[in-house]
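One-letter residues, chain by chain:
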Amino acid sequence: MGRPGASGFELLRRRGSGPALNAAIVGRVAGDEGPDLAPLRAALATEGVVIGARRIRLGDESALIDPRTTATPANLARRRASGAARMVARLLICELGGDPGAPLMRSTSGSPLWPDGFTGSLAHDESFAVAAVGRSASVTGLGVDVEPAEPLPADLIDLVLSGQEKQLTQGDEISRRLVFVCKEAVYKAIHPIDGTELEYADIEVRLDEGTASLMDGRRLRLATLFADRLVAVAIC
Ligand SMILES: CC(C)(COP(=O)(O)OP(=O)(O)OC[C@H]1O[C@@H](n2cnc3c(N)ncnc32)[C@H](O)[C@@H]1OP(=O)(O)O)[C@@H](O)C(=O)NCCC(=O)NCCS
């Protein structure tokens, strides 16, 4: 789940640091107050990347194919979110001309396994699942994250934000949360490529420039949505 949910932030603190496919929509969450992704889709079009979202619904867990997990009550909500994200991703793969029946299993690291010729990323918070997909011929790494537009908890600011990031977001708690969302997206884009275990301090986000720079010199492009949900897509 997205970090704002207690579980994600709790993880940080510990570190110290099925259903009908047409129920998922591309670009706007169907029939509710979900985020309008149209501006983000427009921004990503030049990258050949597509993005979509879906409100997580009862029964979405049936879209998750993963023999290593079982539908115990403790993880049913997580499986439901994972299924919803895969429903969106399959629609996006189809939109790009691929097989809408792709299994989208998990690798041992937890990252999704994409069909040949595609790469992408999944995320979910308490209510919404988001996916972003591109063709691997044009995109090497792709990461997405979604969070509610709420302030970053005060005890995480020094862990997550650099001095420059704190300065650039001074007095804007939601932008500070967006920096966090960007760093999660960067992690998801980079880790599947070479296994790099990035820490927050390894990533410098410039919301004004739409970039994220890594200590090793790599630079990713960022596309962000600042609405009732914060969404970030990192591309390299
Ligand atoms: C991978 C990680 C960033 C996911 O964040 P999260 O808030 O727990 O959960 P989200 O809903 O945003 O994303 C979950 C999705 O991330 C994807 N994911 C999991 N591990 C991944 C990895 N190593 N690489 C890329 N994507 C990964 C999966 O698709 C997962 O969804 P699924 O389980 O339904 O398939 C987080 O769990 C993690 O491992 N963090 C440790 C590294 C870290 O925090 N470093 C500092 C940040 S720079």
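Residues numbered from 1 in each chain as written. Predicted model: local features only at pLDDT ≥ 70, side-chain atom pairs only at ≥ 80, totals over all residues.

Colleague: I tried to follow the site of the ligand on my own but got confused; where do I start?
Modeller: Of all residues adjacent to the ligand, which total 26 residues, the nearest are S82, G110, S111, L122 and K188. Those elements that provide at least two residues to the shell around the ligand are α3 (73-95), β2 (118-124) and α6 (173-194). Here the element with the most residues in the shell around the ligand is α6; it accounts for six residues. Each residue belonging to the shell around the ligand can be placed in one class, and the counts come to 10 nonpolar, nine polar and seven charged. Residues lining the shell around the ligand come from more than one domain, with at least three contributed by each of domain 1 (6-144) and domain 2 (146-235). (Near = placed C-beta within 6 Å. Helix = DSSP H or I, 4+ residues; strand = E, 2+ residues; numbered from the N terminus. Nonpolar A, V, L, I, M, F, W, Y, C, P; charged D, E, K, R; others polar. Domains from an automatic or database assignment.)

Colleague: Any chance you could explain the sheet that holds strand β3 (residues 128-135) here in plain terms?
Modeller: Paired through backbone hydrogen bonds, the strands of a sheet run either parallel or antiparallel to each other. In space, the three strands of this open sheet follow the order β1-β3-β2, with antiparallel pairing throughout. Two strands in the sheet have a free side with no partner beyond their single neighbour: β1 (49-55) and β2. Taking each pair of neighbouring strands and ignoring which way they run, the sheet shows an average axis angle of 15°. Taken together, the seven bridges between β2 and β3 define a ladder with antiparallel strand orientation. Residue pairing across strands places S121 opposite A132, the latter belonging to β3. (Pairing = 2+ DSSP bridges. Axes fitted to C-alpha atoms, helices over the stretch in contact; angles between N-to-C directions.)

Colleague: What am I meant to see in the pairing of strand β8 (residues 229-235) here?
Modeller: On a regular strand, one side chain projects to one face of the sheet and the next to the other, so that they alternate. Along β8, seven of the seven residues are buried, which leaves the element largely enclosed by surrounding structure. By the alternation rule, side chains of β8 split into R229, V231, V233 and I235 and L230, A232 and A234, which are all buried. Both strand β4 (residues 142-148) and β8 contribute to a ladder of seven bridges, which runs antiparallel. Bridge pairing in β8 places G143 opposite A234. In this structure, strand β7 (residues 219-226) lies alongside β8, joined through six bridges in antiparallel fashion. Bridging across to β8, L225 finds its partner in V231. If you look at the hairpin formed by β7 and β8, you'll find two residues sitting between the two strands. (Buried ≥ 20, exposed ≤ 12 C-beta atoms within 10 Å, placed from the backbone.)

Colleague: Hey, could you run me through the sheet that holds strand β5 (residues 203-206) in this one?
Modeller: Strand order in this open sheet of five strands is β4-β8-β7-β6-β5, and the pairing throughout is antiparallel. The sheet is open, and its two borders are formed by β4 and β5, each paired with just one other strand. Looking at each pair of strands side by side, their axes are set apart by 20° on average, direction ignored. Set on the sheet, helix α2 (residues 38-45) makes contact with β7 and β8; between it and β7 the angle comes to about 155°. Packed onto the sheet, α6 meets β4, β5, β6 (211-214), β7 and β8 and runs at close to 150° relative to β4. (Contact = placed C-beta atoms within 7 Å.)

Colleague: Can you walk me through the nonpolar core in this structure?
Modeller: Grouped burial of nonpolar side chains is what soluble globular proteins tend to show. Of all hydrophobic cores here, the largest spans 63 residues; its most connected members are V88, V130, C182, V233 and A234. No other element matches α6, which puts 10 residues into this core. Non-local contacts of C182, meaning those with residues more than four positions away in its chain, are made with V205, A212, L222, T224, A232 and A234. (Core = buried A, V, L, I, M, F, W, Y, C linked by C-beta atoms within 7 Å.)

Colleague: Help me understand unusual backbone geometry, please; the structure alone is not making it clear to me.
Modeller: Most peptide bonds take the trans configuration, and most residues that are not glycine carry a negative phi. One non-glycine residue, L104, lies in positive phi territory at about 55°. The residue L104 is located in the loop between α3 and β2 in this model. Here L104 falls in the buried class, since 25 other C-beta atoms lie within 10 Å of it.

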